[in-house]
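# Structural overview
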Amino acid sequence: MGRGKIVIRRIDNSASRQVTFSKRRKGLIKKAKELSILCDAEVALIIFSSSGKQYEFASTSIESVIEKYNRRKEEDELLLNPISDVKLWQKEVSGLRQQLLNLQENNRKLMGEQLYGLSIKDLNSLESQLEFSLQSIRIKKEQILHDEIKELNRKGILMHQQNVELANKVNLFCQENMELHRKVYGHDSRLEMSVATGNPLIPYGIISAAAAGPIGGDAGLRVPIHLQLSPREQ
């Protein structure tokens, strides 16, 4: 025999009402949990008993669900009422205009203009703000200068190494030319003298001894220049 149909109305007996509330509340929370899991739905449930006690369930959090609900409700109201949409945009434009005015006023104060009406406290605050800004600018400037000097020193060292390699190649070329000169012209006292003095005698005027420097060395090259900031700039 099936259960009889229950009339949906307020239960007068307080004890029965409390028992029914407890059973139905647990069943409702269970159904809400199952709905959120089975259907991947975002569910929030808030229940207040007749005595004012609160019971709640949320698949994520009550706050996020309520915030989402309010946001969706506002969007629906804007779609249904175009006048509210216009008022909203007018309010947004008014707020942006006020922000622009505030920024322009602060900019004029930072430039030293329209300082009338400011108290000593306001002027001290403005001065501290400017000093902090200048300190940040100096730090950034010094960092850029240090980076540029570091890069220039790196390039100077690289150029010095390239000059050394070129000088070695030139000296090797000079030695090969002297060997060739010896083979072609035979014994030459001037050649022996040039080797003894360290000034190679290059035929055909290919390169001068002053430019080449001593054989096997780089005495004619300049050492790399290391740059750094002066104490005044630091």
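Cut-offs used in this document
Residues numbered from 1 in each chain as written. Predicted model: local features only at pLDDT ≥ 70, side-chain atom pairs only at ≥ 80, totals over all residues. Heavy atoms only, no water. Helix = DSSP H or I, 4+ residues; strand = E, 2+ residues; numbered from the N terminus. Buried < 20%, exposed > 50% of the residue type's maximum accessible area, 1.4 Å probe, protein only. Contact = heavy atoms within 4.5 Å. Expected span 1.5 Å × (residues − 1). Patch = residues over 30% accessible without salt bridge, like charges linked within 9 Å, V, L, I, M, F, W, Y side chains within 5 Å. Areas by Shrake-Rupley, 256 points an atom, 1.4 Å probe, with all protein chains shown as cover. Salt bridge = Lys/Arg side-chain N within 4 Å of Asp/Glu carboxyl O. 1 Å grid on protein atoms, 1.4 Å probe; cavity = no way out; pocket = protein on both sides within 12 Å on 5 of 7 lines; lining within 4 Å. Points joined across faces, edges and corners; volume = space filled by probe spheres on them. Nonpolar A, V, L, I, M, F, W, Y, C, P; charged D, E, K, R; others polar. Pairing = 2+ DSSP bridges. Phe/Tyr/Trp six-rings, centres within 6.5 Å; stacked < 30°, edge-to-face > 60°. Lys NZ or Arg CZ within 6 Å of the ring centre and 35° of its normal. pLDDT = per-residue confidence, 0-100. Core = buried A, V, L, I, M, F, W, Y, C linked by side-chain atoms within 4.5 Å. Polar contact = N/O pair within 3.5 Å; in protein donor to acceptor, adjacent residues only side chain to side chain.

The next subject is the overall build of the chain. A count of helices and strands for the chain gives six helices and two strands. Scanning the chain from its N terminus toward the C terminus, one meets helices and strands in the order α-β-β-α-α-α-α-α. Here the chain, with 234 residues, has 13% of them falling under the buried criterion. Residue pairs in contact within the chain that sit at least 24 positions apart in sequence constitute 40% of those at least 6 positions apart.

To continue, consider helix α4 (residues 120–185). Between the first and last C-alpha of α4 there are 95 Å, a value that for 66 residues agrees with the 98 Å anticipated at 1.5 Å per step. Gly186 occupies a position one or two residues after α4 and carries a positive phi of about 75°.

Before going further, it helps to examine a nonpolar patch on the surface. Together, Ile46, Phe48 and Ile66 give the surface a local cluster of nonpolar side chains, amounting to about 280 Å² of exposed area. By the secondary structure assignment, Ile66 is in helix α2 (residues 62–80).

Glancing now at unusual backbone geometry. Despite not being glycine, Asp40 has its phi angle at roughly 50°, a positive value. Within the fold, Asp40 resides in the loop between α1 (14–38) and β1 (44–48).

One pass over the structure, following the stated rule, counts six salt bridges. We note a salt bridge from Arg10 to Asp12, for which the minimum N-O separation is 3.8 Å. For Asp12, a relative accessible area of 65% puts it in the exposed group. Residue Arg154 is joined to Glu151 by a salt bridge in which the shortest nitrogen-to-oxygen separation is 2.6 Å. In this pair, Arg154 and Glu151 both sit in helix α4, three residues apart, roughly one turn of the helix.

Moving on to the layout of surface pockets. In this structure, the largest pocket occupies an estimated 310 Å³ of space. Together, 13 residues line the largest pocket, and Ile6, Val7, Arg9, Ile11 and Thr20 are the ones closest to its centre. Of the residues assigned to the lining of the largest pocket, the class counts are five nonpolar, one polar and seven charged.

Burial of β1 is one-sided: the residues Leu45 and Ile47 facing one way are buried, the residues Ala44, Ile46 and Phe48 facing the other way are not. Here β1 runs beside strand β2 (residues 54–58); their pairing, made up of five bridges, is antiparallel. Bridge pairing links Ile46 to Glu56 in β2. Counted between consecutive antiparallel strands, the loop separating β1 from β2 contains five residues, among which Gly52 sits at a positive phi close to 95°.

All right, on to the packing of aromatic side chains then. Inspection of the entire model under this criterion finds one aromatic pair. One residue, Arg25, lies across the ring of Tyr55, its end atom 4.0 Å from the ring centre.

Moving on: the confidence of the model for the chain. Low-pLDDT stretches of the model should not have their predicted coordinates read in fine detail. Summing up the model confidence of the chain, the mean pLDDT is 78 and the portion of residues at 70 or higher is 74%. Considering each helix and strand of the chain separately, the mean pLDDT is smallest for helix α6 (residues 209–212), with a value of 40, and largest for β1, with 92.

Ala32, Val43, Leu45, Ile47, Tyr55 and Phe57 together form the largest nonpolar core, which totals six residues. Of all the secondary-structure elements, those providing two or more residues to this core are β1 and β2. The contacts of Ala32, once residues within four sequence positions are left out, are Val43, Leu45 and Phe57.

It is worth spelling out α1 at this point. Its 25 residues place the ends of α1 36 Å apart at the C-alpha level, agreeing with the 36 Å of an ideal helix rising 1.5 Å per residue. For α1, the elements touching its buried residues are β1 and β2. Of the residues flanking the start of α1, the one acting as N-cap is Asn13, its side-chain oxygen 3.0 Å from the backbone nitrogen of Ala15. Two residues or fewer after α1 comes Asp40, characterised by a positive phi angle close to 50°.

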